[in-house]
Amino acid sequence: MEKRCMDSQVKGVSTGTTILAATFDGGVVIGSDSRASIGGEYVSSKTINKVVQVHDQIFCCMAGSLADAQAVTKAAKFHLSLHSVQMEIPPLVIAAASVLKELCYKNKDELQAGFITAGWDKKKGPQVYVVSLGGMLIRQPVTIGGSGSTYIYGYVDAKYKPNMSREECLQFATNALALAMGRDNVSGGVAHLVVITETGVEHVVVPGDKLPKFHNE
């Protein structure tokens, strides 16, 4: 066990992605880029969807080791489906985030993955939660993650406004992803976005050549 831990500290896992979620008046937008890389050098996929539906109106974005993230989201789907059957009501967004938190915390020595959970429920409306590496859980109105997020903290701080309209929030998320994808060499592809409101879920895909440009790329 000690040898394994020492090896993991030396080698590490180099990953790349850009994920985000933001609340607006009546809903939430969650999105990501679509590029998967190996070791931050080799692009293994240009079309992966990092926005995963864990229940009807609850989605999560994953960052870090893709294998770890997929294993955690698969387990979370099972737990939430069972919870929904037992309680005979849809799970709350905080319940989904808490399941991810428990899975990450209990396996913190083995996993290298973080999550953004977003959704809508009847109790608290639109919500965004961050489950970081190690299992910390915090609620925020807007959050970003992944290697590409380092390039857009200033943009997000300057441009995000509480109670934006759906169109404003969707454009804000698209612009933020485009800026990150333009600067981060391991983020790219298309922008996957999901709009979640009381009335339902809408999937939006913005191709790479349709993303807004802010500089000579």
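Just so it is clear, the structure is predicted and the values come from calculations on it, not from any experiment.

### Regarding the side chain of Lys-50
For step 1, the next point in the chain: Tracing the backbone through its elements, the reader meets Lys-50 in the loop between β4 (42-45) and β5 (51-55).
For step 2, the next point in the chain: A relative accessible area of 5% means that Lys-50 is categorised as buried.
For step 3, the next point in the chain: Engagement of the side chain of Lys-50 in a polar contact is seen with the side chain of Thr-17, the distance being 2.7 Å.
For step 4, the next point in the chain: Side-chain polar atoms of Lys-50 contact the backbone oxygen of Arg-35, separated by 2.6 Å.
For step 5, the next point in the chain: Beyond its immediate chain neighbours, meaning those up to four positions away, Lys-50 contacts Gly-16, Thr-17, Ser-32, Asp-33, Ser-34, Arg-35, Cys-60, Cys-61 and Met-62.

### Considerations on the environment of Gly-200
For step 1, the next point in the chain: Structurally, Gly-200 is set in strand β12 (residues 200-206).
For step 2, the next point in the chain: Classification of Gly-200 as partly exposed rests on a relative accessible area of 22%.
For step 3, the next point in the chain: As a C-alpha pair, Gly-200 and Asp-56 span 144 residues in sequence and 8.4 Å in three-dimensional space.
For step 4, the next point in the chain: Residue contacts for Gly-200: discarding those within four places in its chain leaves Gln-57 and Val-195.

### Here's the deal with helix α5 (residues 166-183)
For step 1, the next point in the chain: The end-to-end C-alpha distance of α5 is 26 Å, a good match for the 26 Å that 18 residues give at a rise of 1.5 Å each.
For step 2, the next point in the chain: Taken as a whole, α5 has its buried residues at Cys-169, Leu-170, Phe-172, Ala-173, Thr-174, Asn-175, Ala-176, Leu-177, Ala-178, Leu-179, Ala-180 and Met-181.
For step 3, the next point in the chain: Lining the buried residues of α5 we find β1 (19-24), β2 (27-32), β10 (142-145), α4 (153-159), β11 (191-197) and β12.

### Focus: the sheet that holds β5
For step 1, the next point in the chain: Strand order across the open sheet formed by five strands is β5-β6-β7-β8-β9, with antiparallel pairing between neighbours. In this open sheet, the two strands that pair with only one neighbour each are β5 and β9 (137-139). Neighbour-to-neighbour, the strand axes of this sheet turn through a mean angle of 25 degrees, independent of strand direction.
For step 2, the next point in the chain: Where strand β6 (residues 58-64) meets strand β7 (residues 113-121), seven bridges bridge the pair, whose relative direction is antiparallel. Bridge pairing in β7 places Met-62 opposite Phe-115.
For step 3, the next point in the chain: Those strands touched by helix α2 (residues 66-87) are β5, β6 and β7, and its axis lies near 20 degrees from that of β5.

### Section: the sheet that holds β12
For step 1, the next point in the chain: In spatial order, the strands read β10-β1-β2-β11-β12; together these five strands make up an open sheet with antiparallel pairing. Here the strands that pair on one side only, and so sit at the sheet edges, are β10 and β12. Sheet twist, expressed as the average angle between the axes of neighbouring strands with direction ignored, equals 15 degrees.
For step 2, the next point in the chain: In this sheet, β2 lies alongside β1 in antiparallel orientation, the contact comprising six bridges. Each bridged residue has a counterpart across the sheet, and for Ala-22 the counterpart in β2 is Val-29.
For step 3, the next point in the chain: Together, β1, β2, β10, β11 and β12 form the strand contacts of α5, whose direction differs from that of β1 by roughly 165 degrees.

### A short note on the packing of aromatic side chains
For step 1, the next point in the chain: Tallied over the full model, the rule gives two aromatic pairs.
For step 2, the next point in the chain: A centroid spacing of 5.8 Å and a plane angle of 10 degrees characterise the contact between Tyr-155 and Phe-172, whose relative ring orientation is stacked. With a gap of 17 residues between them, Tyr-155 in helix α4 and Phe-172 in helix α5 connect regions that are remote in the sequence.
For step 3, the next point in the chain: Given a relative accessible area of 18%, Tyr-155 falls into the buried group.
For step 4, the next point in the chain: Taken together, the aromatic side chains of Tyr-155, Tyr-160 and Phe-172 make up a single cluster linked through ring pairs.
For step 5, the next point in the chain: When the ring centre of Tyr-105 is taken as reference, the NZ or CZ atom of Lys-108 above it lies at 4.1 Å.

What counts and how
Residues numbered from 1 in each chain as written. Predicted model: local features only at pLDDT ≥ 70, side-chain atom pairs only at ≥ 80, totals over all residues. Heavy atoms only, no water. Helix = DSSP H or I, 4+ residues; strand = E, 2+ residues; numbered from the N terminus. Buried < 20%, exposed > 50% of the residue type's maximum accessible area, 1.4 Å probe, protein only. Polar contact = N/O pair within 3.5 Å; in protein donor to acceptor, adjacent residues only side chain to side chain. Contact = heavy atoms within 4.5 Å. Expected span 1.5 Å × (residues − 1). Pairing = 2+ DSSP bridges. Axes fitted to C-alpha atoms, helices over the stretch in contact; angles between N-to-C directions. Phe/Tyr/Trp six-rings, centres within 6.5 Å; stacked < 30°, edge-to-face > 60°. Lys NZ or Arg CZ within 6 Å of the ring centre and 35° of its normal.

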